[in-house]
Amino acid sequence: MKRLIQFQLICVTLGFFLATSEAVLPNEVHALRAFKEAIFDDPFLILSNWNGLDSDPCNWTGVFCSGDHVTKVILHGNNLIGPIPKEIGLLKRLKILDLGMNQLSGPIPHEIGGLVSVVKINLQSNGLTGRLPPELGNLKNLQELRLNRNKLQGTVPGANATDFASSMRGMYASNTSALGFCRASPLKVADFSFNFLEGSIPKCLEYLPRSSFQGNCIRYKDIKARDPAQCVNIASPAKPQKQGEVKHQPAEDKNRKPDLRGSKPVWILALEVVTGVMVGSIFLAAIVVAAHRCKVRPQIVIPWKKSVSDKDHTAIFIDFDLLKDVTRYSRQELEVACEDFSNIIGSSADSVVYKGTLKGGPEIAVISLCNRDENWTGYLELYFQKEVADLARLNHENIGKLLGYCIESSPLTRMLVFEYASNGTLSEHLHCEEGCQLSWTRRMTIVIGIAKGLKYLHTEIEPPFTISELNSSAIYLTEDFSPKLVDFESWKTILTRSGNSSRCISNEGAAMCIPSGSLEERHLDINGNIYGFGVLLLEIVSGRLPVGKEKGVLVNWAKDYLEEPEKAVSIVDPALKHFREEDLEAIREVVGICFGLRPRDNVNMEELCTILESKLDTSGTTELKASSLAWAELALSS
């Protein structure tokens, strides 16, 4: 009987142990699920196999386990976008947390102090903001900490233990978090460089190399600090109240007699009261009259000018370093330039395009995002700023130039300002009802201009840039009919950030699935632009819409004629009296490559542009010869 009881005790103890070990794992799974849910964009789909229904995360990408516990999370260099959730502190057995080289934003959660087993934390090269949590000092096993190249502010938490202990004066040890890094064991490696940290370096961290603190707002001996102008806009937190310091004034002694030496006579006090009442009455009457007038006056409502919501939003961070080389316009400037936003030249469900003229400057096209302020998040703001920076780096004669941007909060305003091309869009000239047309030579000149622009975007800048929707409406023409590629549809890449959809594209022979609207989709969808260029060539030569009521899809209609050279003449716009057959053959060759009708092993716009430039005639000899023949025929007939 005694042995049976001992056996039961062993089983109970073992069962309790197993239950305890299994109870930890759900917390770790919960922490990882929370991290995935917080990630707004995962361009490389690194978290695609993080199945929320799977109770065993040990096979998830970037997650490493020892026994039944997660010990490493390594997601370095994956361009993940989103905040670090507070649930990260539930990974009690974690040894290594490496989230460096991503685009994480927001503050470092205080709960990170719960990683009691962690040895290495790498959060470098992100967009983290806010103060350094003093709970980092709770990590007594931490040996390596990399926080460099973020946007962290405030001071480095840490005080001398002896000084702090003397100032405690009997306070409970729960306040020892104020020691910050000076509470933990000395770090072997630490890098706080290139943030916006200020104040001084705690004495317990003075052993670190000076390079660990460079590029901050810290003015300290031989440390290279940021330009003071970059530190001006950093809001300095209120100074903490010292122990024993009283914020309010000391209470007066009840037994102390009031000092009557400075008191006023009663008649003066009465006069002041009467005067105050009269002034207040006059002010109140003025308010009532003004309110009545405002009710009577009719209101002029501009649909897109929405009132500011009282909803508490995610903090919006403006990265002035990212936008430092781009001109920022005020909404008032653009409102005046665009005649109170009445000069609308284009619109869609996503945006409105206005034409305007800057005071003493050029004509402009202003594209304004249609979005409610309550739907505008910190993530959308991040993408908007990246879009501005991405467009601002483009500089080519055949690319519409971004002149600047507008960011304001009341009302919510997000605008891009482009140079204006005065001759409208290519689509308008090809398909206008008045029968206006472009000569063959002018069309060939436009073709080469478009090819040069795409060649620049695809092969001459890094990372490459592609037009979101390449069509004849995205090609604007100057006075001399020089084409300008303008990516007005870039707004859609911003608005689709919240979507969960993804699509698969072919990249160098391999299928790749990426989230719709991500910057990586733009950089990888070069083949999509090449296909769109082929459609454009057909549209320019034929004068037909890409999708028409009579002929259906232009590509399908033209394929029969493209396969046989002798039939290619049939695709030429009937409105054209003269064209050059050699040009048409070059167009047919390039279109065949764009559509994959001919071998296209790693074809790029540089090769296509070379073919077109070498074979197309833009000198106008076709029209000159035609006009000479016409004059000769006229002379003979007379």
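See the structure above.
Just so we're clear, the structure is a prediction, and the values are computed from it rather than from any experiment.

Peer 1: What is the right way to read the packing of aromatic side chains from this model?
Peer 2: Two descriptors summarise a pair of aromatic rings, namely the distance from one centre to the other and the angle between the planes of the rings. Summed over the entire model, instances satisfying the criterion amount to eight aromatic pairs. Ring centres 5.4 Å apart and planes at 10 degrees place the aromatic pair Phe192 and Phe213 in the stacked group. Of this pair, Phe192 sits in the loop between strand S10 (189-191) and strand S11 (196-198) while Phe213 is found in the loop between S11 and helix H3 (228-232), placing the two residues 21 residues apart along the sequence. Centre to centre, the rings of Trp440 and Phe579 are 5.7 Å apart; their planes meet at 55 degrees, and the pair counts as tilted. Pair noted here: Trp440 is in helix H8 (residues 440-459) and Phe579 is in the loop between helix H12 (554-562) and helix H13 (581-594), with a separation of 139 residues, a long-range link. For Phe579, a relative accessible area of 25% corresponds to the partly exposed category. In this structure an aromatic cluster arises from ring pairing among Phe35, Trp50 and Trp60.

Peer 1: I'm lost on the sheet that holds strand S16 (residues 402-409) in this one. Help?
Peer 2: Pairing between sheet strands relies on hydrogen bonds along the backbone, with the strands arranged either parallel or antiparallel. The six strands are arranged S12-S16-S17-S15-S14-S13 in an open sheet whose pairing can be described as mixed. Every other strand in the sheet has two partners, leaving strand S12 (327-328) and strand S13 (344-347) as the edge strands with one partner each. As paired strands, S12 and S16 are joined by two bridges and run parallel to one another. From the neighbouring strand, Thr327 faces S16, where its bridge partner is Gly404. Where helix H6 (residues 378-392) meets the sheet, it contacts S16 and strand S17 (412-419), and its direction lies at approximately 165 degrees from that of S16.

Peer 1: I would appreciate a short explanation of the packing of H13 against helix H14 (residues 605-615) in the present structure.
Peer 2: Two elements in contact, H13 and H14, have axes whose closest approach is 9 Å; the angle formed by their N-to-C orientations is 175 degrees. Judged on the interaxial angle alone, H14 and H13 are roughly antiparallel. Residues Asp583, Ala586, Ile587, Glu589, Val590, Ile593 and Cys594 of H13 form the contact with H14, whose own contacting residues are Leu608, Ile611, Leu612 and Lys615. Here the residues of the contact of H13 with H14 sort into eight nonpolar, no polar and three charged.

Peer 1: Looking at this structure, I do not really get the nonpolar core. What am I missing?
Peer 2: The nonpolar side chains of a soluble globular protein tend to be buried, and buried together. Counting 78 residues, the largest nonpolar core has Leu416, Leu426, Ile450, Leu457, Leu485, Phe533 and Ile587 as the members making the most contacts within it. Among the elements that line this core, the one with the most residues is H8, at ten residues. Apart from residues no more than four positions distant in its own chain, Phe533 is found in contact with Val447, Ile450, Ala451, Leu454, Leu470, Val590, Cys594, Met605 and Leu612. Residues Ile84, Ile108, Leu128 and Ile223 belong to the second largest nonpolar core, which totals 48 residues.

What counts and how
Residues numbered from 1 in each chain as written. Predicted model: local features only at pLDDT ≥ 70, side-chain atom pairs only at ≥ 80, totals over all residues. Heavy atoms only, no water. Phe/Tyr/Trp six-rings, centres within 6.5 Å; stacked < 30°, edge-to-face > 60°. Helix = DSSP H or I, 4+ residues; strand = E, 2+ residues; numbered from the N terminus. Buried < 20%, exposed > 50% of the residue type's maximum accessible area, 1.4 Å probe, protein only. Pairing = 2+ DSSP bridges. Contact = heavy atoms within 4.5 Å. Axes fitted to C-alpha atoms, helices over the stretch in contact; angles between N-to-C directions. Parallel < 35°, antiparallel > 145°, perpendicular 65-115°, else oblique. Nonpolar A, V, L, I, M, F, W, Y, C, P; charged D, E, K, R; others polar. Core = buried A, V, L, I, M, F, W, Y, C linked by side-chain atoms within 4.5 Å.

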